[in-house]
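A look at the structure
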Amino acid sequence: MKNSLTHYAKKRNFKKTSEPKPTIKKAAKAFLHFCVQEHKASHLHYDFRLEHKGILLSWAIPKGPSMDPKTKRLAVKVEDHPLSYLDFEGEIPKGNYGAGSVLVWDIGYYEPLDDVKIGLKKGHLKFILQGEKLVGIFSLIKLKNASDNWLLIKSSDDV
Ligand code: MN
């Protein structure tokens, strides 16, 4: 089989040299970012954001995420945000959209367990969060007949 290490392999007898064998390793997983921002707007809520294709998919969670698998939290899908919003903190001035303070509540990496694009269409995303506060497998499940309402649920099938 021809690959980018074919030339390297041809020139060497690996029974006689201790040089590394011409194995192509699978690329390291590219971890994606997630964050949760505490947003003290007209109503306190927590904005949950997942990096996806250069933007942040976003949900507003009125009560904030829970680490308890028995506690399902309403997550309202909101507009995509720019990736640079990930660590945004500050005061949105009065009279502006979302006026109030924004603080990073949690930030870290996530790994989708299913294809994100398909998951968005199907209304079911499953992923591993690796944050400071949120750690483990979570699902976002879209509620039927309610286009923007999802539930964020911690899976019990992990420790
Ligand atoms: Mn918000």
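The structure under discussion appears in the preceding block.
Below: a short report on this structure.

**Some words on the overall build of the chain**
Within the chain, the regular secondary structure consists of 2 helices and 9 strands. Counted from the first residue to the last, the chain has its helices and strands arranged as α-β-β-β-β-β-β-α-β-β-β. Compactness check: the chain gives a C-alpha radius of gyration of 21 Å against a globular reference of 15 Å for 159 residues, more than 25% above the reference. Residues counted as buried form 36% of the 159 residues belonging to the chain. Of the contacts formed within the chain by residues at least 6 apart in sequence, a portion of 45% connects residues at least 24 apart. Entry remark: accessible area of the chain is about 10500 Å², with carbon and sulfur atoms responsible for 56%. Within the chain, one finds 27 positive and 18 negative side-chain charges whose respective centroids are separated by 12 Å.

**Focus on the nonpolar core**
In this structure, F48, L50, W59, F127, L129 and L140 are the most contacted members of the largest nonpolar core, which totals 19 residues. At the level of secondary structure, the elements contributing two or more residues to this core comprise β1 (32-40), β2 (44-52), β3 (55-61), β7 (124-130), β8 (135-142) and β9 (149-154). Contact partners of L140, with chain neighbours within four places excluded, come to F48, L50, W59, A75, G123, H124, L125, F127, W150, L151 and L152.

**Brief notes about the packing of aromatic side chains**
For the structure on display, the rule yields 8 aromatic pairs. Each ring, one from Y85 and one from F88, has its centre 5.0 Å from the other, and the planes form 40°; the classification is tilted. Under the relative-accessibility criterion, F88 is labelled partly exposed at 28%. Arranged with centres 6.0 Å apart and planes meeting at 85°, the rings of Y110 and F127 form a pair that is edge-to-face. Linking Y110 in strand β6 (residues 100-112) with F127 in strand β7, this pair joins segments that are 17 residues apart in sequence. The exposure class of Y110 is buried, given its relative accessible area of 1%. Taken together, F34, F48, W59, Y110, F127 and W150 form an aromatic cluster joined through their ring pairs. Directly above the ring of Y8 sits R12, whose terminal nitrogen or CZ lies 3.9 Å from the centroid. Here the guanidinium or amino end of K133 rests over the ring plane of W105, the centre of that ring lying 4.8 Å away.

**A closer look at the pattern of salt bridges**
One pass over the full model with this rule turns up 4 salt bridges. With its nearest N and O atoms 4.0 Å apart, the salt bridge here joins K40 to E38. When its relative accessible area of 46% is taken as the criterion, K40 is described as partly exposed.

**Description of the layout of surface pockets**
Of the pockets and cavities examined, the largest pocket occupies roughly 270 Å³. As for the largest pocket, its lining consists of 15 residues, of which H39, H45, E79, H81 and Y97 are closest to the centre. Looking at the lining of the largest pocket, the elements that each hand over two or more residues are β1, β2 and β4 (73-82).

Cut-offs used in this document
Residues numbered from 1 in each chain as written. Predicted model: local features only at pLDDT ≥ 70, side-chain atom pairs only at ≥ 80, totals over all residues. Heavy atoms only, no water. Helix = DSSP H or I, 4+ residues; strand = E, 2+ residues; numbered from the N terminus. Rg over C-alpha atoms; globule rule 2.2 N^0.38 Å. Buried < 20%, exposed > 50% of the residue type's maximum accessible area, 1.4 Å probe, protein only. Contact = heavy atoms within 4.5 Å. Areas by Shrake-Rupley, 256 points an atom, 1.4 Å probe, with all protein chains shown as cover. Lys, Arg positive; Asp, Glu negative; His and termini not counted. Charge placed at Lys NZ, Arg CZ, Asp CG, Glu CD. Core = buried A, V, L, I, M, F, W, Y, C linked by side-chain atoms within 4.5 Å. Phe/Tyr/Trp six-rings, centres within 6.5 Å; stacked < 30°, edge-to-face > 60°. Lys NZ or Arg CZ within 6 Å of the ring centre and 35° of its normal. Salt bridge = Lys/Arg side-chain N within 4 Å of Asp/Glu carboxyl O. 1 Å grid on protein atoms, 1.4 Å probe; cavity = no way out; pocket = protein on both sides within 12 Å on 5 of 7 lines; lining within 4 Å. Points joined across faces, edges and corners; volume = space filled by probe spheres on them.

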